Every structure is written in C-alpha cells, then in structure tokens.
Amino acid sequence: MGDPIPQHSSRKPPLKLRKLYVPDDVIHHLMEISELAEKAKTSQEDDELLADRAPSKYVDPILGTLMTEPVLLPSSNVIVDRSVIAKHLLSDPIDPFNRQPLQMSDVIPQHDLTNENNEMENRGTF
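Predicted model only: the values in this text are computed from it and were never measured. The residue numbers shown here count from 1 along each chain, following its written sequence. Reporting of local features is limited, given that this is a predicted model, to residues whose pLDDT is at least 70; pairs of side-chain atoms are given and counted only at 80 or more, and all residues count toward the totals for whole chains, interfaces and linings. The side-chain figures draw on all heavy atoms in the structure; neither hydrogens nor water molecules are used.

Examining the overall build of the protein
Here is step 1 of the chain: Looking only at helices and strands, the protein features 4 helices and 3 strands.
Here is step 2 of the chain: Helix and strand labels come from DSSP, where a helix needs a run of H or I of at least four residues and a strand needs a run of E of at least two; each type is numbered from the N terminus. Put simply, the protein runs from its N terminus to its C terminus through helices and strands in the order α-α-β-β-α-β-α.
Here is step 3 of the chain: Every one of the 126 residues in the protein was classed for burial, and the buried ones make up 29%.
Here is step 4 of the chain: Across the protein, every contact between residues at least 6 apart in sequence was considered, and the portion connecting residues at least 24 apart equals 36%.
Here is step 5 of the chain: Only the protein chains shown count as cover for residues, and the accessible areas themselves come from Shrake-Rupley with a 1.4 Å probe. Roughly 8,800 Å² of accessible area belongs to the protein as shown, and the carbon and sulfur atoms make up 54% of that amount. Type-normalised accessible area, obtained with a 1.4 Å probe on protein chains alone, sets the label of each residue: buried when under 20%, exposed when over 50%, and partly exposed for intermediate values. Whether two residues are in contact is decided by their heavy atoms: any pair within 4.5 Å suffices.

Encoded structure:
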C-alpha cells in the first residue's frame, strides 16, 4: 500500500476509510484537505469578527466584509470593495445601488480610506 500517514498529523484517519482499504497516501491527502478547510473556516470567522468590530465606513455594504481596496461608485456615491464590485460587474454591468450603467474604469480608488483601514488594522484597533 501507500506510505504511512506522517507522524506530524494530529488526527487519526476515520475508521471508515481504513475499513474501505483506502491507500494511506489517499487518506493522508484527504486529511490535509480537511485541515485546510478547517483553517479556511477559522480564517473566515476571524474576518467576520473583524468586520463586526470595524466602523461601518471600513465595511463593504454588499458583503459586509472588511474592505481591503475601497472604491467609490460615482453614480451612486457609495464606497465598496474593488474585488466585490469587480465580481458583480462580470455578470451585471450596472451600479447595484441605483441600476445605472457602470464599468470598472468608472470606479474611483479611495486611497485615504485604504490607508486609514490599514493603519487601524495594523494597530489592532478593530
């Protein structure tokens, strides 16, 4: 069969996998994927807690997440995160707040807000 599960793994493989005669290397990969998913879940929960504590001007109004690159939507005068509006515009080229046509080239970076956000996050103020 495959290589034994490395000793650095903190969890034992589920008995069901061993009973199915799943090769050790497959079990190892499945356990790594499970650990990565758990880390991602924890990271997402940390981000949500951070967004809950942050002042609203640092939180994206669409997803409720902390903005990393705030941009102004000129027709609605709303500030959102660049990545959020970019994903939105891929499927619907309109401002989600007033339904006016919008392209990524129209959005206006908010560098001052980005700098403030970074300073607050670095100081652990949120």
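Some thoughts on unusual backbone geometry
Here is step 1 of the chain: In this structure, Asn77 is a non-glycine residue whose phi angle is positive, near 60°.
Here is step 2 of the chain: Relative to the helices and strands, Asn77 is located in the loop between β1 (70-73) and β2 (78-81).
Here is step 3 of the chain: Judged by its relative accessible area of 58%, Asn77 falls in the exposed class.
Here is step 4 of the chain: For Arg99, which is not a glycine, the phi torsion comes out positive at approximately 65°.
Here is step 5 of the chain: Mapping Arg99 onto the fold places it in the loop between α3 (82-91) and β3 (108-109).

Some remarks on α3
Here is step 1 of the chain: Listed in full, the buried residues belonging to α3 are Val84, Ile85 and Leu89. Burial along α3 is one-sided: seen end-on, the buried residues are contained in an arc of 125°. Exposed and facing more than 90 degrees away from the buried side of α3 are Lys87, Leu90 and Ser91.
Here is step 2 of the chain: Here the buried face of α3 lies against β1 and β2. By definition, the arc is the one covered by directions from the helix axis to the C-beta atoms.

Observations regarding the nonpolar core
Here is step 1 of the chain: Grouping buried Ala, Val, Leu, Ile, Met, Phe, Trp, Tyr and Cys residues that are joined through side-chain atoms within 4.5 Å yields what is termed a nonpolar core. If you look at the biggest cluster of nonpolar residues, it comprises 8 residues: Val71, Leu73, Val78, Val80, Ile85, Leu89, Leu102 and Val107.
Here is step 2 of the chain: Apart from residues lying up to four places away in sequence, Leu89 is in contact with Ile94, Leu102, Gln103 and Met104.
Here is step 3 of the chain: In this structure, Ala54, Val59, Leu66 and Met67 belong to the second largest nonpolar core, which totals 7 residues.

Description of the sheet that holds β3
Strand pairing in a sheet relies on backbone hydrogen bonds, with the paired strands running either antiparallel or parallel.
Here is step 1 of the chain: A strand pair is defined by DSSP finding two or more bridges across the two strands. Taken in spatial order, the 3 strands line up as β2-β1-β3 in an open sheet, and their pairing is antiparallel. Every other strand in the sheet has two partners, leaving β2 and β3 as the edge strands with one partner each.
Here is step 2 of the chain: Pairing analysis gives 4 bridges linking β1 to β2, with the strands arranged antiparallel. Opposite Val71, over in β2, you have Val80 as the bridge partner.
Here is step 3 of the chain: Helix axes are fitted only over the stretch in contact, all axes being lines through C-alpha atoms; the angle between N-to-C directions runs from 0 to 180 degrees. On top of the sheet, α3 reaches β1, β2 and β3; it is set at about 90° to β2, its chief contact.

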